[in-house]
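# Working through the structure, step by step
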Amino acid sequence: MPLRSDWSARTCSLARGLDVLGDPWGSLVLREVFFGNGRYDAIKKRLEVADNVLSKRLGWLVESGLLAQRPYKDGARTRQEYVLTPKGEDSLPVLNAIIIWAEKHLDAPNEVSHMRVIHTDCGKPTSSADTCTHCGAALTAANTSWHSLKRSEQPMPLAVAPPTAHEHAETELPA
């Protein structure tokens with residue numbers, strides 16, 4: 001269900017990557033899920049996006065393996081929320097790079113429109129997408145926060161992919 005031309009079989013890695021991560025709505029949906037906002041109505045409200053656009057992007061991100069659906073109870077009704085997969089979590093450096101590039105090269109319309117990538121272990125903003133420029137540690141979803149004054153006075157920790165059944169079984173103690 002490509003949203004545009006299919007570049008998935010191109011010989012260029014950049015073209016294949018853009019086939020999945022190059023759609024602005026898709027990247028904004030990923031941003032919301034990284035912020036822990038994985039429920040359809042909450043994503044729709046935050047992005048101010050039409051149902052058909054959001055449904056297509058969520059379907060595409062699930063089909064591409066970046067997001068998975070997880071059931072949750074809404075009163076007596078069971079609904080689905082979207083969570084990162086390990087593949088989706090691996091998109092973090094791409095989103096970090098876009099944030100850092102935009103902060104460096106594009107004017108923000110106002111002071112609350114800035115967003116910073118923070119390495120939570122040392123508490124410092126970074127100007128690198130995958131490594132903290134202050135302490136040198138690798139950035140992961142587990143040790144990175146995004147600070148958007150539009151959302152919060154404090155940096156917000158990012159969501160991580162839930163452990164897979166295999167990983168969960170490895171961490172359980174034998175009986």
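Scope of this entry: the structure provided in the associated data block.

Each value, and the rule that gives it
Per chain, the residues get numbers from 1 upward, laid out in the order the sequence is written. Selection of residues for local features in this predicted model requires a pLDDT of at least 70, selection of side-chain atom pairs for listing and counting requires 80 or more, and totals for whole chains, interfaces and linings are taken over all residues. Side-chain metrics in this entry use all non-hydrogen atoms of the structure; hydrogen atoms and water are not considered. Starting at the N terminus, helices and strands are each numbered in turn, a helix being any DSSP run of H or I of at least four residues and a strand any DSSP run of E of at least two. Each residue's exposure class comes from its accessible area (1.4 Å probe, protein chains only) as a fraction of the maximum for that residue type: buried when under 20%, exposed when over 50%, partly exposed otherwise. A 1.4 Å probe and the Shrake-Rupley method give the accessible areas. Residues count as covered only by the protein chains that appear here. Any Lys or Arg side-chain nitrogen found within 4 Å of a carboxyl oxygen on Asp or Glu counts as a salt bridge. When the centres of two rings from Phe, Tyr and Trp lie within 6.5 Å, Trp using its six-membered ring, the rings pair. Their planes under 30 degrees apart give stacked, over 60 give edge-to-face, and anything left gives tilted. Charge over a ring is defined by NZ of Lys or CZ of Arg lying within 6 Å of the ring centre and within 35 degrees of the ring normal. Each axis is a line fitted through C-alpha atoms, taken for helices only over the stretch in contact, and angles between the N-to-C directions span 0 to 180 degrees. If an angle is under 35 degrees, it is roughly parallel; if it is over 145, roughly antiparallel; if it lies from 65 to 115, roughly perpendicular; otherwise it is oblique. Two helices cross in a left-handed way if the nearer one is turned anticlockwise from the farther one by less than a right angle. They cross in a right-handed way if the turn is clockwise. Any two residues having at least one pair of non-hydrogen atoms within 4.5 Å are treated as being in contact. Here a cavity means grid points, on a 1 Å grid over the protein atoms only, where a 1.4 Å probe fits yet cannot get out; a pocket means an open set of points with protein on both sides within 12 Å along at least five of seven lines; lining residues are those with an atom within 4 Å of a point. Grid points are joined across faces, edges and corners, and a volume is the space filled by probe spheres set on the points. Three classes are used, and their members are as follows: Ala, Val, Leu, Ile, Met, Phe, Trp, Tyr, Cys and Pro are nonpolar, Asp, Glu, Lys and Arg are charged, and the others, Gly among them, are polar. Think of it this way: DSSP has to see at least two bridges between two strands before they count as a pair.

## Re the overall build of the protein chain
Along the protein chain, the regular secondary structure elements total seven helices and six strands. The order of α-helices and β-strands along the protein chain, N terminus first, is α-α-α-α-β-β-α-α-β-β-β-β-α. Per-residue burial for the protein chain yields a buried fraction of 31% across its 175 residues. A total of about 10500 Å² of accessible surface is found on the protein chain, and carbon and sulfur atoms cover 55% of it.

## Quick look at the pattern of salt bridges
According to the stated counting rule, one finds nine salt bridges in the structure shown. Arginine 79 is the salt-bridge partner of aspartate 41, the closest N and O atoms lying 3.6 Å from each other. Residue aspartate 41 is located in helix 3 (residues 40–47), and its partner arginine 79 is located in strand 2 (residues 77–84); the two are separated by 38 residues in the primary sequence. Using a relative accessible area of 25% as the deciding quantity, one classes arginine 79 as partly exposed. Here lysine 44 makes a salt bridge to aspartate 51, at a shortest N to O gap of 3.5 Å. Exposure remark for lysine 44: the relative accessible area of 29% places this residue in the partly exposed category. The partly exposed category is assigned to aspartate 51, whose relative accessible area is 40%.

## Brief notes about the packing of aromatic side chains
In total, this model carries two aromatic pairs according to the counting rule given. Their ring planes at 55 degrees and their centres at 5.7 Å tell us that phenylalanine 34 and tryptophan 146 sit as a pair that is tilted. Remark: tryptophan 146 occurs in strand 5 (residues 144–148) and phenylalanine 34 occurs in helix 2 (residues 24–34); sequence separation between them is 112 residues. Three or more aromatic residues joined by ring pairs make a cluster, and in this case those are Phe34, Phe35 and Trp146. When the ring centre of tyrosine 72 is taken as reference, the NZ or CZ atom of arginine 39 above it lies at 3.5 Å.

## Describing the packing of helix 3 against helix 4 (residues 51–63)
Between helix 3 and helix 4, whose axes approach to 11 Å, the crossing angle comes to 120 degrees. Here helix 3 lies oblique to helix 4, going by the angle between them. Between helix 3 and helix 4 the crossing geometry is right-handed. Contacts between helix 3 and helix 4 involve Tyr40, Ile43 and Lys44 from the first element and Asp51, Leu54, Ser55 and Leu58 from the second.

## Observations concerning the layout of surface pockets
Space inside the largest pocket adds up to approximately 750 Å³. Taken together, 24 residues make up the lining of the largest pocket; nearest its centre are Leu28, Arg31, Ile99, Ser113 and Met115. Of all the elements in the fold, those that place two or more residues in the lining of the largest pocket are helix 2, helix 6 (92–105) and strand 5. It is helix 6 that contributes the most residues to the lining of the largest pocket, five residues altogether. Along the lines of polarity and charge, the residues of the lining of the largest pocket split into 14 nonpolar, four polar and six charged.

## Considering the packing of helix 2 against helix 3
Running from N to C, helix 2 and helix 3 cross one another at 120 degrees; their axes reach a closest spacing of 10 Å. Accordingly, the angle class assigned to the pair helix 2 and helix 3 is oblique. In terms of crossing hand, the pair formed by helix 2 and helix 3 is right-handed. Touching Trp25, Leu28, Val29, Arg31, Glu32 and Val33 of helix 2 are Ile43, Arg46 and Leu47, all from helix 3. The residue inventory of the contact of helix 2 with helix 3, partitioned by class, reads six nonpolar, no polar and three charged.

## Some details on the sheet that holds strand 3 (residues 115–119)
The strand order 4-3-5-6 describes an open sheet built from four strands, whose pairing is antiparallel. Each having just a single partner strand, strand 4 (124–125) and strand 6 (156–157) make up the two edges of the open sheet.

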